[in-house]
Amino acid sequence: MLSPDAFLFVAVVIFAIGLIGLMLRRSLFVVYLSIELMLSSVNLILATFSRVHGEMGGGVVSLLMIAVIAAEAAIFLALIIYIYRITKSVDSQSITQLTHKRDEA
Amino acid sequence: MIWDLYLVMPLALIFIGALFLMLFSLVQKVELANYNLVTVAFLTLSLIIELIIFQNVEHDYLFETIFAKMFIVDKLSTLFNILFLSGAILTLLINNNYFKSRDYYNGEFFALLLFSIFGMMMLAHTNELITAFISIELASITLYVLVGYNHHSLKSSEAMLKYIILGSLAGVFFILGVALVYGVVGSTYLGDIYTYLAHHQNDEMTLLIVGMMFMMVTLLFKIGAAPFHSWVVDVYIGSPFPVTMFMATTLKIAIFSILLRLFLVDFAPIYPIISEIIKAVAILTLLIGSLLAISQTQLKGMLAASSIVHVGYMLIALYAISLGSSFAASAIIFYLISYFLSAVGAFGILSFLASDEEKRHLSFDDFKGFAHERPYMAAAMTIFMLSLAGFPSTIGFLGKFYIFMSAIEAGEILLAGFGIMIAFISIYYYFKLIALMYFYPSANPKKKFPFSISTLLIVAMALMIVWGGIGTGLIPFIAGADGLLTIASEALKTIGK
């Protein structure tokens with residue numbers, strides 16, 4: 001059996017990739033994928049700890065998490081499609097009304 | 001079993017109402033006002049049951065045989081539920097005119113609002129971290145949709161985009177914190193975590209403290225405290241008025257319900273570590289919030305930024321809790337109630353005016369001479385501003401008074417002085433509006449007072465604020481300001497360890 005450290009290490013790497021992707025990339029799809037990646041790494045942490053403790057609790061929680069992630073995905077994808085229909089772009093910089101034209105409102 | 005069913009009734013009613021409205025929103029013939037009416041009916045029924053439950057509940061677990069100790073029912077959760085429900089009722093009724101004036105509202109809006117309330121009520125009942133995460137997500141995911149509800153406006157969509165990206169990121173940190181806590185303790189029940197913390201030394205549980213800090217980050221993000229405040233102003237400006245009102249008041253109370261429970265139960269053994277962080281966050285929140293509020297040109301933006309400042313005051317009391325102040329927790333609840341009354345009123349007037357005239361009454365300049373145009377509304381607005389600024393004889397003054405009292409009781413006189421200084425600064429941006437309303441001539445002729453449910457409620461809330469400030473004890477059998485504080489401290493006593 002592999003030691004839990006290996007799984008935790010993988011989880012940390014995935015989490016870091018997600019966080020960096022969220023901060024650096026501008027495409028809304030990549031931003032969304034980064035958030036999903038971070039959530040999945042947390043799932044891996046939960047499953048690993050569940051194994052360490054020798055009980056099923058953490059595994060069940062990671063299943064519940066997948067449902068929550070799916071709910072978020074539905075709204076996120078709907079928003080991305082809506083923004084694409086209006087601006088013809090999925091770049092997060094394409095929609096900047098609030099930052100530049102606040103005074104006109 | 002019957003007792004449990006009775007305790008779960010308010011929650012179940014809201015859930016059934018949400019499903020009912022979701023199905024009925026497919027029917028095209030129903031008028032919008034009727035949806036509003038049905039929603040308010042469900043909320044009121046639930047509120048009445050909560051008020052009865054509040055009299056005779058002490059400390060119970062919901063369906064202990066099925067859910068173990070996931071859902072707790074005590075006076076604190078019931079009190080918070082009463083606040084959420086009354087917040088939702090007021091939001092819906094005050095915005096009655098606004099809903100009619102815009103064409104993008106439909107039945108689903110009310111269904112989503114009820115789901116959000118359901119999430120918040122679950123959050124108040126939660127005694128376990130996974131349930132807390134799911135209810136926070138339930139409350140937030142519905143709010144993401146509500147923020148972007150104005151599909152004619154790109155600004156609304158942009159606000160939704162900002163909120164959903166940053167909100168999901170905050171959610172990730174919460175579940176990461178939960179995962180780390182689970183890894184150390186092997187359980188996610190608040191009671192188990194407390195027992196673990198109380199029986200171990202600090203240097204044995206670095207991972208646990210890191211996990212709890214991650215959870216704290218999320219909660220501070222959701223209430224809009226300082227290092228995590230960047231979304232607040234943009235999202236509040238971008239979203240429709242009813243949603244802004246709902247976020248600024250009800251959601252904030254909901255997050256404080258879990259924050260207080262976590263802080264009073266779980267964080268108690270690690271107060272020495274966390275208290276300094278809370279102090280720094282409170283000072284930063286007050287400073288940055290004031291700077292933001294001064295620089296706003298739109299009223300909605302000013303109210304949004306000032307809501308950051310109000311969070312800062314409550315964080316002072318949170319810091320006082322960690323130093324052992326006895327009534328800081330009830331001061332927070334009292335402040336939440338006072339802020340809630342004033343903010344709902346102020347946002348209510350804005351939304352009422354916006355429902356009349358499409359583009360006007362959003363910036364400070366539009367309010368020049370407002371008192372000559374609509375004297376009663378201007379008087380109500382003045383009362384709300386005075387209360388937000390903490391002027392004596394309003395309920396806002398008493399709220400600030402209790403907060404600073406708790407800081408002084410904890411021995412933090414400098415911090416209380418700093419808070420009072422920030423309150424003086426806040427007079428600038430609140431009184432600017434009052435001065436603009438009264439000291440300029442009006443371009444438009446005087447208008448009659450429009451009698452509708454929105455305006456009558458606004459006036460009633462203005463009266464409540466004044467009554468809460470001075471009329472305490474004048475009317476027998478109805479709780480005044482002191483009574484509210486007593487109720488809050490009574491509710492806090494039932495919190496389980």
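## Points about the overall build of chain A
Piece 1. Helix and strand counts for chain A come out as four helices and zero strands.
Piece 2. Mapped in sequence order, the helices and strands of chain A form the string α-α-α-α.
Piece 3. Along the first, second and third principal axes, the C-alpha atoms of chain A reach 60 × 25 × 25 Å.
Piece 4. Per-residue burial for chain A yields a buried fraction of 37% across its 105 residues.
Piece 5. Approximately 5900 Å² of chain A is accessible, and the part contributed by carbon and sulfur atoms is 68%.
Piece 6. Put simply, chain A has 7 plus and 7 minus side-chain charges, and the middle of one group is 10 Å from the middle of the other.

## Examining the nonpolar core
All names here are of chain B.
Piece 1. Phe80, Ile117, Leu318, Ile321 and Met385 are the most contacted members of the largest nonpolar core, which totals 236 residues.
Piece 2. With 21 residues, the top contributor of residues to this core is helix α15 (residues 328-356).
Piece 3. Every residue in contact with isoleucine 321, bar those within four places of it in the chain, is listed here: Leu260, Phe263, Leu264, Tyr271, Ala328, Ala329 and Ile332.

## Here we look at empty space enclosed by the protein
Piece 1. The tally for this structure, following the rule as stated, stands at four cavities of 30 Å³ or more.
Piece 2. Forming the walls of the largest cavity are Arg374, Pro375, Tyr376, Met377, Lys447, Lys448, Phe449 and Pro450 of chain B.

## Side note on the packing of helix α8 (residues 154-185) of chain B against helix α10 (residues 206-223) of chain B
All names here are of chain B.
Piece 1. Between α8 and α10, the shortest axis-to-axis distance is 8 Å and the interhelical angle comes to 155 degrees. One element, α8, and the other, α10, form an angle in the roughly antiparallel class. Judged by the twist between their axes, the crossing of α8 over α10 is left-handed.
Piece 2. Considering only residue class, the contact of α8 with α10 consists of 18 nonpolar, five polar and one charged.

## Some words on the interface of chain B and chain A
Where interface size is quoted, it is often the accessible area lost as the parts come together.
Piece 1. Tallying the contact residues gives 38 residues for chain B and 38 residues for chain A.
Piece 2. Here chain B packs against chain A, burying approximately 3500 Å² in sum over the two surfaces, 77% of which is carbon and sulfur.
Piece 3. In this structure, the connection of chain B to chain A is made through zero salt bridges.
Piece 4. Where chain B meets chain A, there are five residue pairs in polar contact (both at pLDDT 80 or more).
Piece 5. Elements with a minimum of two residues in the side of chain B that touches chain A: α7 (129-147), α8 and α11 (230-238) of chain B.
Piece 6. A breakdown of the residues in the side of chain B that touches chain A according to their chemical character gives 24 nonpolar, nine polar and five charged.

## Overview of the environment of glutamine 55 of chain B
Piece 1. Take glutamine 55 of chain B: it is sitting in helix α2 (residues 32-56).
Piece 2. Each C-alpha atom, one on glutamine 55 of chain B and one on tyrosine 339 of chain B, is 25 Å from the other, the two residues being 284 residues apart in sequence.

## Some words on the side chain of glutamate 36 of chain A
Piece 1. The residue glutamate 36 of chain A is located in helix α2 (residues 28-53) in this model.
Piece 2. Lysine 222 of chain B is the oppositely charged side chain nearest to the buried, salt-bridge-free glutamate 36 of chain A, at an N-O distance of 14 Å.
Piece 3. Setting aside chain neighbours within four positions, we find glutamate 36 of chain A in contact with Ile69 and Ala73 of chain A.

## What about the confidence of the model for chain B?
Piece 1. Within chain B, residue pLDDT values average 88, and 96% of them lie at 70 or more.
Piece 2. Both scores are given for the predicted complex: the pTM is 0.92, the ipTM 0.92.

## Concerning helix α9 (residues 190-198) of chain B
Residue and element names in this part refer to chain B.
Piece 1. Burial in α9 covers these residues: Leu190, Ile193 and Leu197. Relative to the axis of α9, the buried residues are bounded by an arc of 60 degrees and lie together on one face.
Piece 2. Buried residues belonging to α9 abut α7, α8, α10 and α12 (241-266).

## Side note on the environment of tyrosine 440 of chain B
All names here are of chain B.
Piece 1. Looking at the element boundaries, tyrosine 440 is found in the loop between α19 (413-438) and α20 (453-470).
Piece 2. What makes tyrosine 440 partly exposed here is its relative accessible area of 36%.
Piece 3. Each C-alpha atom, one on tyrosine 440 and one on leucine 264, is 49 Å from the other, the two residues being 176 residues apart in sequence.
Piece 4. Setting aside residues up to four positions removed in sequence, tyrosine 440 forms contacts with Lys368, Gly369, His372 and Ala435.

## Regarding a nonpolar patch on the surface
All names here are of chain A.
Piece 1. There is a patch of nonpolar side chains on the surface, built from Phe9, Val13, Ile17 and Leu37 and spanning about 370 Å² of accessible area.
Piece 2. The element best represented in the nonpolar patch is helix α1 (residues 4-24), accounting for three residues.
Piece 3. With respect to the secondary-structure elements, phenylalanine 9 resides in helix α1.

## Quick word on unusual backbone geometry
Piece 1. A positive phi is found at phenylalanine 63 of chain B, a non-glycine position, where the angle reads about 45 degrees.
Piece 2. Positionally, phenylalanine 63 of chain B belongs in the loop between β1 (59-61) and α3 (64-67).

## Quick notes on the side chain of threonine 39 of chain B
All names here are of chain B.
Piece 1. Within the secondary structure, threonine 39 sits in helix α2.
Piece 2. The buried category is assigned to threonine 39, whose relative accessible area is 0%.
Piece 3. At a separation of 2.6 Å, a polar atom in the side chain of threonine 39 contacts the main-chain carbonyl oxygen of tyrosine 35.
Piece 4. Among residues more than four places away in sequence, those in contact with threonine 39 are Leu21, Leu92, Phe110 and Leu114.

## Observations concerning the packing of aromatic side chains
All names here are of chain B.
Piece 1. On inspection of all chains with the given rule, the structure shows 37 aromatic pairs over all chains.
Piece 2. Pairing tyrosine 35 with phenylalanine 110 gives two aromatic rings, centres 6.5 Å apart and planes at 20 degrees, and the pair type is stacked. With tyrosine 35 in helix α2 and phenylalanine 110 in helix α6 (residues 107-125), this residue pair connects regions lying 75 residues apart in the sequence.
Piece 3. With 5.5 Å between their ring centres and 85 degrees between their planes, phenylalanine 109 and phenylalanine 110 make a pair best called edge-to-face.
Piece 4. Here phenylalanine 109 falls in the buried class, since its relative accessible area comes to 1%.
Piece 5. Three or more aromatic residues joined by ring pairs make a cluster, and in this case those are Tyr35, Tyr98, Phe99, Tyr104, Tyr105, Phe109, Phe110, Tyr149 and Phe241.
Piece 6. A cation sits over an aromatic face here: lysine 75 above phenylalanine 54, 5.4 Å from the ring centre.
Piece 7. Sitting over the ring of phenylalanine 241, lysine 300 keeps its end group 4.3 Å from the ring centre.

Cut-offs used in this document
- One numbering rule holds for all chains: residues counted from 1, following each sequence as written.
- Throughout, the order in which chains and ligands are written sets their labels, letters from A for the former and numbers from 1 for the latter.
- Totals for whole chains, interfaces and linings use all residues, but because this is a predicted model, local features are given only for residues with pLDDT of at least 70 and pairs of side-chain atoms are given and counted only at 80 or more.
- The basis for the side-chain values is all heavy atoms of the structure; hydrogens and waters are excluded.
- Every helix listed is a DSSP run of H or I at least four residues long, and every strand listed is a run of E at least two residues long, numbered separately from the N terminus.
- A 1.4 Å probe rolled over the protein chains alone gives each residue an accessible area, and that area as a share of the maximum for its type sets the label: buried under 20%, exposed over 50%, partly exposed in between.
- Here the Shrake-Rupley method, with its probe set to 1.4 Å, supplies the accessible areas, and only the displayed protein chains count as covering residues.
- Neither His nor the chain termini are counted; the positive set is Lys and Arg, and the negative set is Asp and Glu.
- Charge positions are represented by NZ for Lys, CZ for Arg, CG for Asp and CD for Glu.
- For our purposes a nonpolar core is just a set of buried Ala, Val, Leu, Ile, Met, Phe, Trp, Tyr and Cys residues, chained together by side-chain atoms within 4.5 Å.
- Two residues form a contact once any of their heavy atoms are found within 4.5 Å.
- Cavity means a closed set of points on a 1 Å grid over the protein atoms alone, one where a 1.4 Å probe fits but cannot get out, pocket means an open set with protein on both sides within 12 Å along at least 5 of 7 lines, and lining means a residue has an atom within 4 Å of a point.
- Grid points are joined across faces, edges and corners, and a volume is the space filled by probe spheres set on the points.
- Helix axes are fitted to C-alpha atoms over the stretch in contact, other axes to C-alpha atoms as well, and angles between N-to-C directions run from 0 to 180 degrees.
- For classification purposes, an angle smaller than 35 degrees is called roughly parallel, one larger than 145 roughly antiparallel, one from 65 to 115 roughly perpendicular, and anything else oblique.
- In a left-handed crossing the near helix is turned counterclockwise from the far helix by less than a right angle, and in a right-handed crossing that turn is clockwise.
- Residues are grouped as follows: Ala, Val, Leu, Ile, Met, Phe, Trp, Tyr, Cys and Pro are nonpolar; Asp, Glu, Lys and Arg are charged; every other residue, Gly included, is polar.
- Note on terms: buried area is the combined drop in 1.4 Å-probe accessible area of two parts once they are placed together, counting the loss on both.
- Salt bridges are identified by distance alone: a Lys or Arg side-chain nitrogen within 4 Å of an Asp or Glu carboxyl oxygen.
- Whenever a nitrogen or oxygen atom comes within 3.5 Å of another N or O atom, the pair is scored as a polar contact, on the condition that within protein one atom can donate a hydrogen and the other can accept it, and that pairs from neighbouring residues in sequence are kept only if both atoms are in side chains.
- Looking at any residue, its pLDDT shows the predictor's confidence there, from 0 to 100.
- Arc definition: it is the arc formed by the directions from the helix axis to the C-beta atoms.
- Patch membership requires more than 30% relative accessible area and the absence of a salt bridge. Residues of like charge join within 9 Å; the nonpolar side chains Val, Leu, Ile, Met, Phe, Trp and Tyr join within 5 Å.
- Two rings from Phe, Tyr or Trp (for Trp, the six-membered ring) form a pair when their centres are within 6.5 Å of each other. A pair whose planes differ by under 30 degrees is stacked, one over 60 is edge-to-face, and the rest are tilted.
- For a Lys NZ or an Arg CZ to count as sitting over a ring, it must be within 6 Å of the ring centre and within 35 degrees of the ring normal.

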